Amino acid sequence: MNTVLSRANSLFAFSLSVMAALTFGCFITTAFKDRSVPVRLHVSRIMLKNVEDFTGPRERSDLGFITFDITADILHRKCSVAFFALNQVVLWDKIVLRGDNPKLLLKDMKTKYFFFDDGNGLKGNRNVTLTLSWNVVPNAGILPLVTGSGHVSVPFPDTYEITKSY
Amino acid sequence: NNSGSDFFSLFLQLYYQVLNFGMIVSSALMIWKGLMVITGSESPIVVVLRCIYLSVSPPSGSMEPAFHRGDLLFLTNRVEDPIRVGEIVVFRIEGREIPIVHRVLKIHEKQNGHIKFLTKGDNNAVDDRGLYKQGQHWLEKKDVVGRARGFVPYIGIVTILMNDYPKFKYAVLFLLGLFVLVHRE
């Protein structure tokens, strides 16, 4: 009875150490990979409106509409397209699972989330940049947030669009 | 006289076991506190307890397929690290005890440096405004427990089992006690 228990104990301890070592191995092999990937972005249509922000606080804010293309080759990630400018907004995202086609070839995409500014900062703004970033979820280990090496500028017009709908 | 020395050696063994146990507990505590200092976060390791799912579909994890119940997340909350969209944050809503693990969707920063942001679970169709306090539209830095920087799957299942089934916890403690007694040879 005693030897069975002590054998079970050492077996358990051994499997725990093996699993810990494997997990650490996962972490080591994924932690230091260079993940930057060239990304081609292109924006084709830009429109600006000023409406009540129906997604949250009901103040009039700038609402931007853009149509964009993405070309990138990524692997097992979650991608989000974000704007950089002191303020950041995720416009679109996608979950890419291991086994899915890692090449992203999207054309004429509309934004998935509303591009509301908190205020009126989009009007006439030439400093808005579109970038692609992605979050890698490994089997175990570090969760890096990587930004692709390409970016494109999105210059917003000086006037609001009143008549056209997108 | 014989029984006296027997009793004394038994007492020594017990004393040794208690010291051993105390050392294990204090090393664990030291590691925990050390992690708190290094990562700057008040709870550097968080077990994903519950994922809140906002939709009419049947309930499932709100951060799947990335994280599931029982995954262990390693967090940091260093002040020099600005919050960016796409990061996974663990935040607490005022009045609620359990922190939520979701992704940052929007960030707005004012000229005075004040930052507010919006979150959304990967698997949710809508953002978290329905989860925030009544009338609250944004989260602020003070609501953040930490940013997820690393993760190990499944490990936290034991903690969840012990929380949900106290009988399991007592069974584990009993077995541990049994091992300690048996191993004394």
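What comes next is a walk through the structure. None of these values were measured; they are calculated from a predicted model.

Reading the values: rules and limits
- Residues numbered from 1 in each chain as written.
- Chains lettered and ligands numbered in written order.
- Predicted model: local features only at pLDDT ≥ 70, side-chain atom pairs only at ≥ 80, totals over all residues.
- Heavy atoms only, no water.
- Helix = DSSP H or I, 4+ residues; strand = E, 2+ residues; numbered from the N terminus.
- Polar contact = N/O pair within 3.5 Å; in protein donor to acceptor, adjacent residues only side chain to side chain.
- Patch = residues over 30% accessible without salt bridge, like charges linked within 9 Å, V, L, I, M, F, W, Y side chains within 5 Å.
- Areas by Shrake-Rupley, 256 points an atom, 1.4 Å probe, with all protein chains shown as cover.
- Salt bridge = Lys/Arg side-chain N within 4 Å of Asp/Glu carboxyl O.
- Buried < 20%, exposed > 50% of the residue type's maximum accessible area, 1.4 Å probe, protein only.
- Core = buried A, V, L, I, M, F, W, Y, C linked by side-chain atoms within 4.5 Å.
- Phe/Tyr/Trp six-rings, centres within 6.5 Å; stacked < 30°, edge-to-face > 60°.
- Lys NZ or Arg CZ within 6 Å of the ring centre and 35° of its normal.

A few points about the side chain of D122(B)
On the secondary structure map, D122(B) appears in the loop between strand 5 (115-120) and strand 6 (139-140). Within polar-contact distance, the side chain of D122(B) engages the side chain of R103(B) at 2.9 Å.

Focus: a nonpolar patch on the surface
All names here are of chain B. On the surface, a nonpolar cluster with roughly 540 Å² of combined accessible area is contributed by F8, F11, L12, Y15 and L19. Within the fold, Y15 resides in helix 1 (residues 2-39). In this structure Y15 comes out as partly exposed when scored by relative accessible area, which is 47%.

Regarding the nonpolar core
Grouped together as the largest cluster of nonpolar side chains are 24 residues, with contacts concentrated most on W92(A) and L130(A). In terms of nonpolar packing, the next biggest core, distinct from the first, is built from 19 residues, Y113(A), V89(B), F91(B) and I115(B) among them.

Some details on the environment of V89(B)
Residue and element names in this part refer to chain B. Locating V89 in the fold gives a position in strand 3 (residues 88-91). The class of V89 is buried, set by a relative accessible area of 0%. It is 9.4 Å that separates the C-alpha atoms of V89 and R149, two residues lying 60 residues apart in sequence.

With respect to the pattern of salt bridges
Residues and elements named next belong to chain B. This model, assessed by the stated rule, comprises eight salt bridges over all chains. As a salt-bridge pair, R147 and E87 come within 2.9 Å of each other at their nearest N and O atoms. Placement of the pair is R147 in strand 7 (residues 144-152) and E87 in the loop between strand 2 (72-76) and strand 3, with a sequence separation of 60 residues. K142 serves as the salt-bridge partner of E94, at 3.8 Å between the closest nitrogen and oxygen. With E94 in the loop between strand 3 and strand 4 (100-109) and K142 in the loop between strand 6 and strand 7, this pair connects stretches of sequence that are 48 residues apart. Exposure remark for E94: the relative accessible area of 45% places this residue in the partly exposed category.

Observations regarding the packing of aromatic side chains
What characterises a pair of aromatic rings is the spacing of the ring centres plus the angle enclosed by the ring planes. What the rule picks out here adds up to five aromatic pairs over all chains. Consider the rings of F24(A) and F27(A), whose centres lie 5.7 Å apart with planes at 50°: the pair is tilted. Of the two residues, F24(A) and F27(A) are both situated in helix 1 (residues 2-31); the distance of three residues between them amounts to about one turn of the helix. The exposed category is assigned to F24(A), whose relative accessible area is 51%. Measuring from centroid to centroid gives 5.7 Å for F115(A) and F156(A), while their planes differ by 70°, and the two rings are edge-to-face. Note that F115(A) is positioned in strand 6 (residues 115-116) and F156(A) in the segment after strand 9 (145-153), a separation of 41 residues in sequence. Here F115(A) matches F156(A) in class, with each residue buried. Cation over ring: R129(B) sits above W138(B), and NZ or CZ is 4.6 Å from the ring centre.

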